[in-house]
Amino acid sequence: MLRSAALTLIALVLPAAALAQDDAPSTTRGKDEVVREVNRGLFLKADIGSTLWLNTHGRVRANGGPLLSGVVASTIGVGQEFVDRERFSVAWEVDFYQGLFNGPRPEELAAIGPFIQGDVHMFGGLGQIEMSTYVTRRLGLGVAAGGGVIAMPLLMEPNQYQEAIVSQWGGQEASLNAGPLPTVMGTPTLEYYTKLSHFSLGLDVPIMYVIGFDLGISPFGYLKYTF
């Protein structure tokens, strides 16, 4: 008798419990749910490396070396993928560029001519459109193209610059400090989406031509956060 009552109670309770479970919100992913392993969209990006100027202007230091040798260069930017497919994406990106470079010594400037002031701190605003294809879910290869402007402000005290440098050139000033120079660029890219959500690592190699100055190559490693 007691056993029959217990079996009857179980038979009544189990369907009710199953129905309640179906009505409750699910707290786990179903086996058929697609879980995306990478995030694409609005992002912040920071690059660091240096720029190698190829001396296409033909002017060299007294020892035959290039006018500028790289110390450090970096960019910080914002962008967004506006085409987002499983194996292809297109993004816009806007960057602020800056770089520090060692230049010729003051005693070398007269022989070089009215071209550069010596050590240089470059600033620039650059924009690109980038297209990537994904060879695996986490690894992307791409290319970007764009342009902007780069400026090289005077670092010396203006009066000292006029007296000690410009006077040696017959009243002519360094042409690179006259104002922002137009710049065009192309960039091979590599990106790896880490297993740390929203973060990716990569390599950019911008090839920049600063019109009126030089052609440069900038190997950059970067960290990117996608919202």
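Parameters and conventions
As a convention, each chain's residues are numbered from 1 in the sequence order in which they are written. Reporting of local features is limited, given that this is a predicted model, to residues whose pLDDT is at least 70; pairs of side-chain atoms are given and counted only at 80 or more, and all residues count toward the totals for whole chains, interfaces and linings. Based on all heavy atoms of the structure, the side-chain values leave hydrogens and waters out of the count. Going along the chain from the N terminus, every DSSP run of H or I of four or more residues is numbered as a helix, and every run of E of two or more is numbered as a strand. The cut-offs for exposure are 20% and 50% of the maximum accessible area for each residue type, with area from a 1.4 Å probe on protein chains only; residues under the lower value are buried, those over the upper are exposed, and the others partly exposed. For this analysis, residues touch if any pair of their heavy atoms sits within 4.5 Å. Shrake-Rupley sampling with a 1.4 Å probe provides the accessible areas, and residues are treated as covered by the protein chains on show and by no other component. Any residue with relative accessible area above 30% and no salt bridge may belong to a patch, with like charges joined within 9 Å and the nonpolar Val, Leu, Ile, Met, Phe, Trp and Tyr side chains within 5 Å. When a carboxyl oxygen of Asp or Glu is within 4 Å of a side-chain nitrogen of Lys or Arg, the pair counts as a salt bridge. Strands were regarded as paired on the criterion that DSSP finds at least two bridges between them. Within this scheme, the nonpolar core is defined by two criteria: the residues are buried Ala, Val, Leu, Ile, Met, Phe, Trp, Tyr or Cys, and they are joined through side-chain atoms within 4.5 Å.

A. Up close: the overall build of the protein. Scanning the protein from N- to C-terminus turns up 3 helices and 11 strands. Along the chain direction, N to C, the helices and strands of the protein fall in the order α-β-β-β-β-α-β-β-α-β-β-β-β-β. Residues counted as buried form 35% of the 227 residues belonging to the protein. Put simply, 68% of the contacts in the protein that link residues at least 6 apart link residues at least 24 apart. Total accessible area on the protein stands at roughly 13000 Å², and carbon and sulfur atoms take up 63% of it.

B. A look at unusual backbone geometry. The phi torsion at H198 lies on the positive side, around 80 degrees, for a residue other than glycine. Within the fold, H198 resides in the loop between β7 (181-193) and β8 (199-204). Residue H198 is classed as partly exposed on the basis of its relative accessible area of 27%.

C. Looking closely at a nonpolar patch on the surface. A cluster of nonpolar side chains, L42, L44, V78, F82, W92, V94, I129 and F227, forms an exposed patch at the surface whose accessible area comes to about 710 Å². Looking at the nonpolar patch, the elements with two or more residues in it are β1 (42-49), β3 (69-84) and β4 (88-102). Its place among the elements puts F82 in strand β3.

D. The pairing of β1, seen in detail. Relative to β3, β1 runs antiparallel, the two sharing 8 bridges. When the bridges of β3 are listed, D47 appears paired with T75. In terms of strand pairing, β1 meets strand β11 (residues 220-226) through 7 bridges, oriented antiparallel. Among the inter-strand pairings, F43 is bridged to a residue of β11, identified as T226.

E. Representation of the pairing of strand β9 (residues 207-210). Along β9, the buried face is formed by M208 and V210; none of I207 and Y209, which line the opposite face, is buried. The pairing of β7 with β9 spans 4 bridges and is antiparallel. Note that in β9 the partner of M185 across the bridge is M208. Note that β9 and strand β10 (residues 214-217) share 4 bridges and pair antiparallel. Considered in β10, the bridge of V210 is made with D214.

F. Just the nonpolar core, in detail. Core analysis: the largest hydrophobic core is formed by 18 residues, its most contacted members being W53, L68, Y97, M122, M208 and F213. Elements with a minimum of two residues in this core: β4, β5 (120-134), β7 and β9. The greatest single-element share of this core, amounting to 3 residues, is contributed by β5.

G. Region of interest: the pattern of salt bridges. Scanning the entire structure with this criterion turns up 5 salt bridges. Salt bridges sharing common partners tie together K45, E93 and D204.

H. Expanded view of the environment of L190. Relative to the helices and strands, L190 is located in strand β7. L190 has contacts with L139, G140, L141, L201, G202, L203 and Y222, leaving out every residue within four places of it along the chain.

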